[in-house]
Amino acid sequence: MEAPGGLEAMRGRRRLSSPGPGSPSAGGGSALPWGRLSAWLECVCAVTFDLELGQAVEVGEAQRRPGGVPQLVYPPDYTLTEKEKTTICYLSFPDSYSGSLGDTQFSFRFRQSGGQRNALFGDDFEYNREAAVSLQRDPAHYFGYVFFRQVKDSSVKRGYFQKSLVLVSRLPYVNLFQALLQLIAPEYFDKLDPCLEAVCSEIDQWPPPVPGQILNLPVMGVVIQVRIPSRLDKPGSSPAKPQNQENLLPAPLVLPSIHELDLFRCFQPVLIHLQALWELLLLGEPLVVMAPSPAASSEMVLALTSCLAPLKFCCDFRPYFTIHDSEFKEYTTRTQAPPSVVLGVTNPFFIKTLQHWPHILRLGDLKMAGDLPKQVKVKKLAKLKSLDAKPGLYTSYKTFLHKDKNLIKQLLKGIHKKQPSDAQSALLRRHLLELTQSFIIPLEHYMASLMPLQRAITPWKNPPQIRPFQQEDFLKTLEHAGPQLTCVLKGDWVGLYRRFFRSPNFDGWYRQRHREMMHKLEALHLEAISEANIRSWVKDKSEVEVVDLVLKLQEKLVRARCHRLPVKEEILHRVGLYIATTVGSLPEDLQAVLGPQ
């Protein structure tokens, strides 16, 4: 298939100069043009498929902007990097020939190039601190949400109108952005650029995505109502769902979830392998999903990476990956082991190039029927050689835990009773949640035991260190406090933990927990300092010791505010007064050096 040609990018963020004549203003109280838009979207791109220019890109001129195609960059003083433009071009179209006409939607994810950029809008740190871990902004990757249209058009040289509208964001709100595309893409294909400008101006009036809040988001005469999940939401609970409390007219389009997919529909052909797939994801194993379409590929990859909630999936994942991707050589080389990544692909060429990967899930066309679809079988990797290889899970992996046969029985019972898909998905999600929690709770309990006792924290000494995580010590706790207390599944739990310790998911979990415990220690230390008698302590201390104390306390206050430590404002205020009082007792020359507090 030829490569896509022109890219029209409407950039919705980080415009530092004032808008020129005729430019829409930010409005809505935003200090900078397009400030609110950038809270939701990086940019909106329209990608056209051009026969001649596409061929030019495909033969090795990917870094050259093809000439002769109108290009709209909005605002005009900011553009994506050339590498990002090219990546978006390729990922916005099916990678293999598809004769199907009409509209299709899918998602992709790609690595940012050109170094990290500073966010114009708000505070990403604050959002990530409050958001559910699976919904945090990723500073190194973008998500792309695609609405692709292919219809016959005799006026076009190739005989087809082929165009994609792409929303690029750091937020993994797949349901919200795909619903937004369903509203704006058909209108855009009719009215083109003025439509995008109007839509971006409306999004620029939206409130920011604040975890825990229900938001009304007006666009094109429709109000989309959503709730942004919070880190404080109890896993498996049903927090307050959006509802039309304000008697909005017209009635809002209520999205029950901004990100949760229909797990039952995604996993129907692989339900008997759900346990194996959960383990592969938990252990960060390299996994390829070969699917018949970008929609099937991206949905399966996103569904798989959601299986570990509330544990954060810390490996790389690409819902849709093509032979033109900049990481293609990195992922297909046979000179080193495949990386910890989940790849979603559609091009049959990958059957040959990724044959050395240890785990390959090949999907067929999903046919919704009245009974459970035919389940794909576990097959040996050696059998995955021909382009017509049958659907199946190609792996030599042996699961540590036994399958939960009761789950399949419950799902079959739901099918026979004609339970709605969302009820079946809820059953699947609850099963996966309980499985992950049973695995993680012993780790959480052991990690908590490594925290120093509060009574060991004194004001005038550095707080004691968190004890190191000793894998063998943890494994000894499993006999009396292991997953068997909360999970009916039997198997080699110890072997699973040993393998997990070598995975990026354990590393990510441990680093996050250790960071949170360090912050808690610092907060407890500040609390101890605020309750101490500082005047009594400094009474018999030398000037050098007092100055050293002031500098350390000042540093602690700065860290507390920069890292948003879990400490009450009154404690910070009290420590600030201590510093001011102590500085005031010093000679004037030292007061000038230490500065006002």
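Residues numbered from 1 in each chain as written. Predicted model: local features only at pLDDT ≥ 70, side-chain atom pairs only at ≥ 80, totals over all residues. Heavy atoms only, no water.

Asks: Would you explain the overall build of the protein in this entry?
Replies: On a plain count of helices and strands, the protein comes out with 19 helices and 15 strands. Here the analysis covers contacts within the protein between residues at least 6 apart in sequence; of these, 75% occur between residues at least 24 apart. When the accessible surface of the protein is split by element, carbon and sulfur atoms take 54% of a total near 28500 Å². (Helix = DSSP H or I, 4+ residues; strand = E, 2+ residues; numbered from the N terminus. Contact = heavy atoms within 4.5 Å. Areas by Shrake-Rupley, 256 points an atom, 1.4 Å probe, with all protein chains shown as cover.)

Asks: How should the nonpolar core be read in this particular structure?
Replies: Most often, soluble globular proteins keep nonpolar side chains buried together rather than apart. One finds W40, Y173, F267, W278, F439, L443 and F469 to be the most contacted residues of the largest nonpolar core, which totals 110 residues. When residues of this core are assigned to their parent elements, the largest contribution, 10 residues, is made by helix α4 (residues 174-191). In this structure, L526, V538, V546 and I571 belong to the second largest nonpolar core, which totals 22 residues. (Core = buried A, V, L, I, M, F, W, Y, C linked by side-chain atoms within 4.5 Å. Buried < 20%, exposed > 50% of the residue type's maximum accessible area, 1.4 Å probe, protein only.)

Asks: Sorry, what's going on with the pattern of salt bridges here?
Replies: When their charged atoms lie close together, side chains carrying opposite charge are able to pair. Within the structure shown, the criterion is met by 28 salt bridges. The salt bridge involving E260 is made with R429; its shortest N-O contact spans 3.8 Å. With E260 in the loop between β9 (253-254) and α6 (263-267) and R429 in helix α12 (residues 421-449), this residue pair connects regions lying 169 residues apart in the sequence. Close ionic contact of D316 with R318 constitutes a salt bridge, the shortest N to O distance being 3.0 Å. Of the two residues, D316 and R318, neither departs from the other in class, the shared state being buried. (Salt bridge = Lys/Arg side-chain N within 4 Å of Asp/Glu carboxyl O.)

Asks: Where do I start with the packing of helix α13 (residues 471-481) against helix α14 (residues 493-500) in this structure?
Replies: The description of two helices packed together rests on the angle between their axes and the distance between the axes. Between α13 and α14, the shortest axis-to-axis distance is 11 Å and the interhelical angle comes to 155°. Taken together, α13 and α14 sit at an angle that is classed as roughly antiparallel. α14 is crossed by α13, and the crossing has right-handed handedness. Within the contact between the two elements, α13 uses E472, F474, L475 and L478 and α14 uses V494, Y497 and R498. Residue composition of the contact of α13 with α14, grouped by class: five nonpolar, no polar and two charged. (Axes fitted to C-alpha atoms, helices over the stretch in contact; angles between N-to-C directions. Parallel < 35°, antiparallel > 145°, perpendicular 65-115°, else oblique. Left-handed = near helix turned anticlockwise from the far one by under 90°. Nonpolar A, V, L, I, M, F, W, Y, C, P; charged D, E, K, R; others polar.)

Asks: Teacher, can you tell me more about the environment of N216 here?
Replies: Within the secondary structure, N216 is located in strand β7 (residues 214-219). Considered as a pair, N216 and W206 are 10 residues apart in the sequence and their alpha carbons are 8.0 Å apart. Polar contacts involving the side chain of N216 include one to the side chain of Q225, which spans 2.5 Å. (Polar contact = N/O pair within 3.5 Å; in protein donor to acceptor, adjacent residues only side chain to side chain.)

Asks: Help me understand the packing of helix α15 (residues 504-530) against helix α18 (residues 569-584) in this model?
Replies: As a packed pair, α15 and α18 sit with axes 9 Å apart at the nearest point and diverge in direction by 55°. One way to sum up the angle between α15 and α18 is to call them oblique. Relative to α18, the crossing made by α15 is left-handed. Packed against α15, whose contacting residues are L526, E527, I529 and S530, the element α18 presents I571, L572, R574, V575 and Y578 at the interface. Among the residues forming the contact of α15 with α18, the class breakdown is six nonpolar, one polar and two charged.

Asks: How do you make sense of the packing of aromatic side chains when you look at a structure like this?
Replies: Describing an aromatic ring pair means giving the distance of the ring centres and the angle of the ring planes. What the rule picks out here adds up to 36 aromatic pairs. Consider the rings of F321 and F350, whose centres lie 6.0 Å apart with planes at 50°: the pair is tilted. Highlighted residues: F321 in the loop between β11 (316-318) and α9 (328-332) and F350 in helix α10 (residues 349-353), separated in sequence by 29 residues. Each of the two residues, F321 as well as F350, counts as buried. Judged by centre distance (5.8 Å) and plane angle (70°), the rings of F469 and F501 are edge-to-face. On the criterion of sequence distance, the pair formed by F469 in the loop between α12 and α13 and F501 in the loop between α14 and α15 is long-range, its members being 32 residues apart. Look at F501 and you get buried, because its relative accessible area is 9%. (Phe/Tyr/Trp six-rings, centres within 6.5 Å; stacked < 30°, edge-to-face > 60°.)

Asks: Even after reading the chapter, I still don't get α12, so can you show me in this structure?
Replies: Structural remark: α-helix, 3.6 residues per turn; residues separated by three or four positions point the same way. Along its 29 residues, α12 runs 42 Å from first to last C-alpha, staying within 8% of the 42 Å computed at 1.5 Å per residue. At I440, α12 is deflected by roughly 30°, the largest bend along its length, and proline P442 occurs up to four residues later in sequence. (Expected span 1.5 Å × (residues − 1). Bend = angle between axes of the 7 residues up to and from the residue.)

Asks: Can you help me understand the confidence of the model for the protein in this one?
Replies: Atom-level detail of predicted coordinates should not be read off regions where pLDDT is low. Taken as a whole, the protein shows an average pLDDT of 83; of its residues, 81% reach a score of 70 or greater. Summarising per-element confidence for the protein, the mean pLDDT is lowest in helix α1 (residues 51-58) (38) and highest in α14 (98). Predicted confidence for residues 1-31 stays below pLDDT 50, and this span has 128 contacts to residues more than four positions away or in other chains. Low pLDDT (under 50) marks residues 54-73, which in the prediction has 42 contacts with non-local residues, meaning those over four places away or in another chain. (pLDDT = per-residue confidence, 0-100.)

Asks: Just checking my understanding: could you explain the state of the cysteines for this structure?
Replies: As used in these notes, a disulfide is a covalent bond between sulfur atoms, one from each of two cysteines. Counted under the stated rule, the structure contains zero disulfides. C314 provides the cysteine sulfur closest to C315, a residue in no disulfide bond, and the two sulfurs are 7.0 Å apart. A relative accessible area of 6% places C315 in the buried class. (Disulfide = S-S within 2.5 Å.)

Asks: Would you take a moment to explain the environment of K405 for this structure?
Replies: Looking at the element boundaries, K405 is found in helix α11 (residues 405-416). According to the relative accessible area criterion, K405 is exposed, its value standing at 66%. Along the backbone, K405 and L489 are 84 residues apart, and their C-alpha atoms lie at a distance of 9.9 Å.

Asks: Help me out: how do you make sense of the pairing of strand β8 (residues 222-227) in this one?
Replies: Consecutive side chains along a regular strand alternate between the two faces of the sheet. Across the six residues that make up β8, a large majority, five, are buried. What sits between β7 and β8 in their antiparallel hairpin is a turn of two residues, with M220 showing a positive phi close to 50°. Two elements, β8 and β9, share two bridges in a ladder whose sense is parallel. Residue pairing in the sheet places Q225 in a bridge with V254 of β9. (Pairing = 2+ DSSP bridges.)

Asks: Is there a simple way to explain the pairing of strand β10 (residues 287-290) in this structure?
Replies: Where burial is concerned, the two faces of β10 agree: the one with L287 and V289 and the one with V288 and M290 are both buried. In this sheet, strand β12 (residues 341-345) lies alongside β10 in parallel orientation, the contact comprising four bridges. Following the sheet pairing, L287 is matched in β12 by V342. Pairing analysis gives three bridges linking β10 to strand β13 (residues 359-362), with the strands arranged parallel. Bridge pairing links V288 to I360 in β13.

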